[in-house]
Amino acid sequence: MRVFVIGNAALDETLSITDFPQPGASIFGRLMSRDLGGKGLNQAVALARTGLDCTLTAAVGADGRGREIAARLASEPVAADLVSIADVGTDFSTILMTGDENAIITTREAATSLTPDQVRRALAPAQPGDLLVLQGNLTLAANQAALEMAQTRGMQSALNPSPLQDGFAPLWGLVHTAFVNEGEAEALGGIAALREAGVERVVLTLGDAGAALIDATGRIDAPAHPCDVVDTTGAGDCFMAVALASAALRRTALDARALDHASRAAAHTVGRPGTVTAFPDRAEMAAILAM
Ligand code: ATP
């Protein structure tokens, strides 16, 4: 089985600050980490570190950040299909962290440059039973093209709609598994509305309160694994990737064990600084998935 992640790739710079700046203020910050990021890239790297055959398709600009992403990805087990787009800047995020809260500013010029045709080309080798993984950074047209192609090819599909945009409604009927946090669930009208729109199963993540899987058979709750919180960036992406991988590697549907594996992996991420560098490495991932 192959996994096709289509999404964004970015560089994350995390700044530690004392308080969020007021409009007009200049404040000091300390660089905590500079790391690979972008929801698509995060999910693809975590999926590949579980041992799955995973391809990431993402747009980058023809610039230094794009070259840095390509160079850093070369040491990851993911197959990187980076589409270089002239005249756009590679996407990046500035993450502002106080002790217990963060605020993230993300550019998406490159992500929204990926065209429906490029998406369809990326999925041309897909076979029935392969998995498509999407997030909210692409244009709706690109995500729709991916989901329609996945349906034609007999693929499974998983979508985390973050960052939320208007207009997802027509896409839900093409999504097998949705991952949403509490705020997203509320903004989308609730879990029941997603299920009525055609989503087979919904995973609701609840931060330090854990996660829940809701499908036709009912609801399974999974606690978070306790950890010292250092940096929560990417916890949701790591959780989604490991839940999907755990089920795929065991050739089963999402279950309580998949949620437990995902919670353990996300706790690793939360307990360390950075985004992708905070995810479990291949040895840690293997140990988690063996539990
Ligand atoms: P993000 O946008 O920061 O990536 P998210 O909002 O998509 O995250 P969350 O619900 O915050 O997702 O977190 C995803 C999972 O990460 C949770 O279900 C939980 O397993 C784990 N997690 C998050 N915060 C904590 C925490 N403080 N302690 C332990 N585990 C946590």
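Keep in mind it's a predicted model, so treat the numbers as computed, not measured.

Describing the UniProt feature "binding site: K(+)" (unreviewed entry) in the protein
Reasoning step 1: Following the UniProt record, one finds the feature "binding site: K(+)" (unreviewed entry) at D231, T233, T269, R272 and G274. Annotated residues spanning 44 residues; largest pairwise C-alpha distance 9.7 Å, indicating a single compact cluster. As for the lining of the largest pocket, the annotated residues named previously contribute T233.
Reasoning step 2: Of note, T233 is situated in the loop between β13 (218–222) and α7 (235–249).
Reasoning step 3: Residue class for T233 comes out buried when judged on its relative accessible area of 8%.
Reasoning step 4: If we ignore the near neighbours within four places in the chain, the residues touching T233 are D12, I95, N102, T269, G274 and T275.

As for the layout of surface pockets
Reasoning step 1: The volume enclosed by the largest pocket comes to roughly 1200 Å³.
Reasoning step 2: Residue lining of the largest pocket: 42 residues in total, with T232, T233, G234, A235 and G236 positioned closest to the centre.
Reasoning step 3: Of all the secondary structure elements, the ones that give two or more residues to the lining of the largest pocket are β2 (10–16), α1 (39–49), β6 (91–97), β7 (102–106), β10 (177–181), α5 (182–187), α7 and α8 (256–270).
Reasoning step 4: Computed from the structure, the second largest pocket encloses a volume of approximately 300 Å³.
Reasoning step 5: Together, 15 residues line the second largest pocket, and M1, Q156, A247, A248 and T252 are the ones closest to its centre.
Reasoning step 6: Among the residues forming the lining of the second largest pocket, the class breakdown is eight nonpolar, five polar and two charged.

Things to note about the pattern of salt bridges
When their charged atoms lie close together, side chains carrying opposite charge are able to pair.
Reasoning step 1: The tally for this structure, following the rule as stated, stands at eleven salt bridges.
Reasoning step 2: With a closest N to O distance of 2.6 Å, K39 and D237 form a salt bridge. Here K39 is found in helix α1, whereas its partner D237 is found in helix α7, with 198 residues between them in sequence. For the residue pair K39 and D237, the accessibility class agrees, reading buried in each case.
Reasoning step 3: The shortest N-O distance in the salt bridge between R219 and D221 comes to 3.0 Å.
Reasoning step 4: Among the charged side chains, a network of salt bridges with common partners joins E13, R34, E68 and R72.

A look at α7
Reasoning step 1: The terminal C-alpha atoms of α7 lie 21 Å apart, and with 15 residues this matches the ideal 21 Å at 1.5 Å per residue to within 8%.
Reasoning step 2: Along α7, 13 of the 15 residues are buried, which leaves the element largely enclosed by surrounding structure.
Reasoning step 3: R251 occupies a position one or two residues after α7 and carries a positive phi of about 50°.

What counts and what doesn't
Residues numbered from 1 in each chain as written. Predicted model: local features only at pLDDT ≥ 70, side-chain atom pairs only at ≥ 80, totals over all residues. Heavy atoms only, no water. UniProt positions renumbered as here; feature names shortened; annotations may be inferred. 1 Å grid on protein atoms, 1.4 Å probe; cavity = no way out; pocket = protein on both sides within 12 Å on 5 of 7 lines; lining within 4 Å. Helix = DSSP H or I, 4+ residues; strand = E, 2+ residues; numbered from the N terminus. Buried < 20%, exposed > 50% of the residue type's maximum accessible area, 1.4 Å probe, protein only. Contact = heavy atoms within 4.5 Å. Points joined across faces, edges and corners; volume = space filled by probe spheres on them. Nonpolar A, V, L, I, M, F, W, Y, C, P; charged D, E, K, R; others polar. Salt bridge = Lys/Arg side-chain N within 4 Å of Asp/Glu carboxyl O. Expected span 1.5 Å × (residues − 1).

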